Amino acid sequence: MEAWFALLVGIFFSVAVYLMLSKFIIRMLLGVAVLGNAVNLLIFTGGRLTRDVPPVIPDGTDALAAPAANALPQALILTAIVISFSFFAFLLVLSWRAYSDLATDNTDEMRVAEPVDEPVPPLGY
């Protein structure tokens, strides 16, 4: 089962890189979202897929009686989901502002905002 998840993570990463190399901002945003999901799945798979009991120590004992599930990857994934959603929302608002100001989502056409007649910076000192 973990081999299938590894293959799925590889597919997600390749799709994310393909989308982020696009000229259009919407595809870039979708690539960032897919990349976040790929990283979450990678962390989840790295924490091993088991059906162990929850890590709860019963009263009167100092250690677990049986092997327990690792809760750290799940906590990391929850944190990563919140951070990736807020990052995606920020990028979505930023791209909306760029689209409303420049009337295009093509990054090649957004170069209109750069000055053409400005001298090039010095190449060395």
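On a predicted model such as this, the values are computed, not experimentally measured, just so you know. (Residues numbered from 1 in each chain as written. Predicted model: local features only at pLDDT ≥ 70, side-chain atom pairs only at ≥ 80, totals over all residues. Heavy atoms only, no water.)

*Asks:* Looking at this structure, how should I read the environment of Ile83?
*Replies:* Relative to the helices and strands, Ile83 is located in helix H3 (residues 72–102). A residue is classified by how much of its surface remains accessible, and Ile83, at 53% relative accessible area, is exposed. Spatially, the C-alpha atoms of Ile83 and Trp4 are 26 Å apart, while their sequence positions differ by 79 residues. (Helix = DSSP H or I, 4+ residues; strand = E, 2+ residues; numbered from the N terminus. Buried < 20%, exposed > 50% of the residue type's maximum accessible area, 1.4 Å probe, protein only.)

*Asks:* Before we go on, may I ask you to explain the environment of Leu41 in this structure?
*Replies:* For Leu41, the location among the structural elements is in helix H2 (residues 25–46). Leu41 sits in the buried class, given a relative accessible area of 14%. When the C-alpha positions of Leu41 and Ile77 are compared, they lie 8.3 Å apart, and in sequence the two are 36 residues distant. Here Leu41 is in contact with Phe5, Leu8, Val9 and Phe12, once residues within four sequence places are set aside. (Contact = heavy atoms within 4.5 Å.)

*Asks:* What's the story with the pattern of salt bridges in this structure? I'm lost.
*Replies:* Side-chain pairs of opposite charge can arise where the charged atoms are in close proximity. Taken as a whole and judged by the stated rule, the model has 2 salt bridges. Here Asp108 ties to Lys23 by a salt bridge, and the two come within 3.7 Å at their closest N and O atoms. Separated by 85 residues along the polypeptide, Asp108 in the segment after H3 and Lys23 in the loop between helix H1 (2–20) and H2 bring together distant segments of the chain. On the basis of relative accessible area, Asp108 is assigned to the partly exposed category, the value being 42%. (Salt bridge = Lys/Arg side-chain N within 4 Å of Asp/Glu carboxyl O.)

*Asks:* What am I meant to see in the side chain of Asn40 here?
*Replies:* Inspection of the secondary structure assignment puts Asn40 in helix H2. On the basis of relative accessibility, which here comes to 9%, the residue Asn40 falls in the buried class. If sequence neighbours within four positions are ignored, Asn40 has contacts with Ile77, Ala80 and Ile81.

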